[in-house]
Amino acid sequence: MGRHDMTTITTEKKMAVKVIIPTPLRVYAEKKDSAEVSAQTVGEALGGLTSQFGELRKHLFTDDGKLRSFVNVYLNDEDIRYMAKEATPVKDGDVVSIVPSIAGGNHCSL
Amino acid sequence: MAENVQLWMSHDVAERIRRHGEETFPYECCGALLGRDSAAVENSAQDGTQPEAGREVLQLFPLVNRRDDSPRNRFAVTADDVRDAEKAASQHGLEVIGWYHSHPDHPARPSDFDREHAWPWYSYVIVSVMAGKPADMTSWRLNDDRQNYSPEGIEIRNSALA
């Protein structure tokens, strides 16, 4: 107690992660279907993606920086909502997929 | 991006969308539009001519409306449904180019709710079903600023891209 436990000090090694970009967003990502990013968490991976392609940000995140409700994110084949959400750690070679869900309805307003 | 664009479909595809809306009335129907975006095809020609901006629906992937709490005025397609639709499209060498749904007893125009939940690039086809009978059918694309939709002309014709 009272002294630093050296075992807790780790270098923040970034992992090489592939992010799969869904078809409707590829127009904002130079038509690429994926991007390589370095990250420690899923959130960082998404941040890395929007750093590369700034136009993606508004389609993935709300104005206050939260993932839009119809944006689903999978780490390999697991929905991150059932893991640690955006804080879910990633490993080298992991694949983060952005998968749309679709909703709508009448209540005409135009 | 969403200006002066056309969505092509055959008479049969158009009828199947209308029929789906009729079958599920008074609830909303929904499904995926599988086809090809013309830009991807015509860019490869590189003949210097201005390509005709458009895309063609070649198949439908009807889905079950997951909104069982308010299916009369809402529809929902889960991420698993989207993945299934993408898999089906890819098996036919196509891609998911948009979605269709019905507006029972409402005009075929997108709502604020539609806009808030829309993705760019996709074509959103809406068929109005009035008193159980299919009426107008329109198509829309979300603008880049997410604030509005642009209408997309639907042209019924025999397949040009297949």
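Trainee: What exactly am I supposed to notice about the confidence of the model for chain A here?
Mentor: Note that predicted coordinates carrying low pLDDT should not be read in detail. Considering every residue of chain A, the mean pLDDT works out to 88; 86% of them sit at 70 or more. Between the elements of chain A, mean pLDDT differs from a low of 86, seen in strand E6 (residues 102-104) of chain A, to a high of 98, seen in strand E2 (residues 34-39) of chain A.

Trainee: Even after reading the chapter, I still don't get the interface of chain A and chain B, so can you show me in this structure?
Mentor: How big an interface is tends to be reported as the loss of accessible area on association of its parts. Chain A puts 29 residues into the contact, and the matching count from chain B is 39 residues. Summing both partners gives a buried area of about 3,000 Å² for chain A against chain B, and 60% of it is carried by carbon and sulfur. On the surface where chain A and chain B come into contact, there are one salt bridge. The shortest N-O distance in the salt bridge between A:Asp77 and B:Arg83 comes to 3.4 Å. Of all elements in the fold, only helix H2 (57-60), strand E3 (71-75), strand E5 (95-100) and E6 of chain A reach the threshold of two or more residues within the side of chain A that touches chain B. Considering only residue class, the side of chain A that touches chain B consists of 14 nonpolar, 11 polar and four charged.

Trainee: I'm lost on the pairing of strand E1 (residues 6-9) of chain B in this one. Help?
Mentor: Residues and elements named next belong to chain B. Of the pairings in the sheet, the one linking E1 to strand E8 (residues 149-156) comprises four bridges and is parallel in character. Across the sheet, residue Leu 7 finds its bridge partner in E8, namely Ile 154. Pairing analysis gives four bridges linking E1 to strand E3 (residues 54-63), with the strands arranged parallel. When the bridges of E3 are listed, Leu 7 appears paired with Arg 55.

About the cut-offs
- Each chain has its residues counted from 1, running along the sequence as written.
- The lettering of chains begins at A and the numbering of ligands begins at 1, in the order of writing.
- Local features in a predicted model are, by the rule used here, given only for residues with pLDDT of at least 70; side-chain atom pairs are given and counted only at 80 or more, and totals for whole chains, interfaces and linings are based on all residues.
- Note that water and hydrogens are dropped before the side-chain values are worked out from all heavy atoms of the structure.
- Each residue carries a pLDDT score, the predictor's own confidence in it, on a scale running from 0 to 100.
- Going along the chain from the N terminus, every DSSP run of H or I of four or more residues is numbered as a helix, and every run of E of two or more is numbered as a strand.
- We call two residues contacting when some pair of their heavy atoms lies within 4.5 Å.
- Accessible-area loss on putting two parts together, using a 1.4 Å probe and summing over both, is the definition of buried area adopted here.
- Between Lys or Arg on one side and Asp or Glu on the other, a salt bridge is scored when a side-chain nitrogen of the former is within 4 Å of a carboxyl oxygen of the latter.
- Three residue categories are used. Nonpolar comprises Ala, Val, Leu, Ile, Met, Phe, Trp, Tyr, Cys and Pro, charged comprises Asp, Glu, Lys and Arg, and polar comprises the others, including Gly.
- Only strands joined by at least two bridges in the DSSP assignment are considered to pair.

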